[in-house]
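Analysis of the macromolecular model
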Amino acid sequence: MNKKLGKDMDEKLIINARRPEGELGSQMIEIMNESHVKLSSWCINHLNINDNDITLDIGCGGGVNVKKFSEMTPNGKVYGLDYSKLCTEKSSQLNELAINNGKVEIIHASVSQLPFKDETFDIVTAFQSTYFWSNFNEDLKEVNRVLKPNGLIFICNGDIKKDQWGENAEKLVELLDRKMYSKEEFNSSLSEVGFSNISIFNKEGTNCTCVIASKI
Ligand SMILES: C[S@@+](CC[C@H](N)C(=O)[O-])C[C@H]1O[C@@H](n2cnc3c(N)ncnc32)[C@H](O)[C@@H]1O
């Protein structure tokens, strides 16, 4: 991943994708900010966004997608949330102007206990974050709770569980203890929790996956 670092350092760096901390966490945030742009742009193209939508980005990392959504929703508001303190600091730096204008808020919390009232958001996004949620169905219930009726959950992942993965995907699953879901698992978890109109898109020739569903 980083040619200047040895294998051991590489692994220490990669582990920081799970919950960035310290110097290696800062490096990982910079890497993610740059390397996730293509995937998130492809995913966002599948979403109809209104300029007054209220959005929550769970696992906001370095805050790039918070910034993107705040530019796309000038009459709305974006909340970025992450359980890494470092991520909330970096996201706050990147979105300083919008925060000062009351258009963005960055919050230190976990998806498992969202500090918001029921039916607050039009859209809840998770870019490459569901791999690390501790209890997918329970955490989806939290997302469902804070969404308005007909609100959308939007999951964007660079990998999906398949019968056969590439060697790299398997290594990452092991190293990061990533939880992966197949199309069928996404469908059944989302339906169980009370989502409908479930659409799952795959970028041809890749594992890039975009999942969109609406709260009933
Ligand atoms: C691979 S990074 C992706 C960051 C960013 N969304 C992006 O696409 O660049 C995963 C992020 O999710 C956050 N995260 C993981 N589990 C979480 C949880 N249970 N609650 C809140 N944030 C979480 C991590 O701290 C990390 O910032």
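Residues numbered from 1 in each chain as written. Predicted model: local features only at pLDDT ≥ 70, side-chain atom pairs only at ≥ 80, totals over all residues.

For the chain, the count of helices and strands is nine helices and seven strands. Projected onto its principal axes, the C-alpha coordinates of the chain cover approximately 50 × 40 × 30 Å. Counting the 216 residues in the chain, one finds 37% classified as buried. Counting contacts in the chain only where the partners sit at least 6 residues apart, residues at least 24 apart contribute 62% of the total. (Helix = DSSP H or I, 4+ residues; strand = E, 2+ residues; numbered from the N terminus. Buried ≥ 20, exposed ≤ 12 C-beta atoms within 10 Å, placed from the backbone. Contact = placed C-beta atoms within 7 Å.)

This part takes up helix α2 (residues 22–35). Relative to the 20 Å expected for 14 residues at 1.5 Å per residue, α2 spans 20 Å between its end C-alpha atoms, a close match to the ideal helical length. Buried within α2 we find Gly25, Met28 and Ile29. Axial view of α2: buried residues confined to an arc of 105°, hence all on one face. Along α2, the residues that are exposed and aim more than 90 degrees away from the buried face are Glu23, Glu30, Glu34 and Ser35. (Expected span 1.5 Å × (residues − 1). Arc of directions from axis to C-beta.)

For the rest of this paragraph, the subject is the site of the ligand. Of all residues adjacent to the ligand, which total 20 residues, the nearest are Gly59, Gly61, Ser84, Phe127 and Phe132. Taken together, the residues of the shell around the ligand sort by class into 11 nonpolar, seven polar and two charged. (Near = placed C-beta within 6 Å. Nonpolar A, V, L, I, M, F, W, Y, C, P; charged D, E, K, R; others polar.)

Among the residues of helix α5 (residues 85–94), those classed as buried are Leu86, Cys87, Thr88, Lys90, Ser91 and Leu94. Where α5 is buried, its residues contact α2, α4 (64–72), β2 (77–82) and β3 (104–108).

It is worth spelling out the sheet that holds strand β7 (residues 209–215) at this point. Ordered in space as β3-β2-β1-β4-β5-β7-β6, the seven strands form an open sheet in which the pairing is mixed. Looking along the sheet, the strands with just one partner apiece sit at the ends: β3 and β6 (195–202). Recorded for the sheet is a direction-independent mean angle of 15° between the axes of neighbouring strands. Where strand β4 (residues 121–127) lies against strand β5 (residues 147–157), six bridges are found, and the strand directions are parallel. Counted as the bridge partner of Thr125 is Phe154 from β5. Running over the sheet, α5 touches β2 and β3 and is turned about 165° from β3. (Pairing = 2+ DSSP bridges. Axes fitted to C-alpha atoms, helices over the stretch in contact; angles between N-to-C directions.)

Attention now goes to the environment of Ser196. Mapped onto the fold, Ser196 is located in strand β6. The exposure class of Ser196 is exposed, given the 11 C-beta atoms found within 10 Å. What Ser196 contacts, discounting residues up to four positions off in sequence, is Ala213, Ser214 and Ile216.

Attention now moves to the nonpolar core. Ranked by internal contacts, the top residues of the largest apolar core, which has 43 residues, are Leu56, Val124, Val146, Ile153 and Phe154. A total of six residues in this core trace back to one element, the largest contributor, which is β5. (Core = buried A, V, L, I, M, F, W, Y, C linked by C-beta atoms within 7 Å.)

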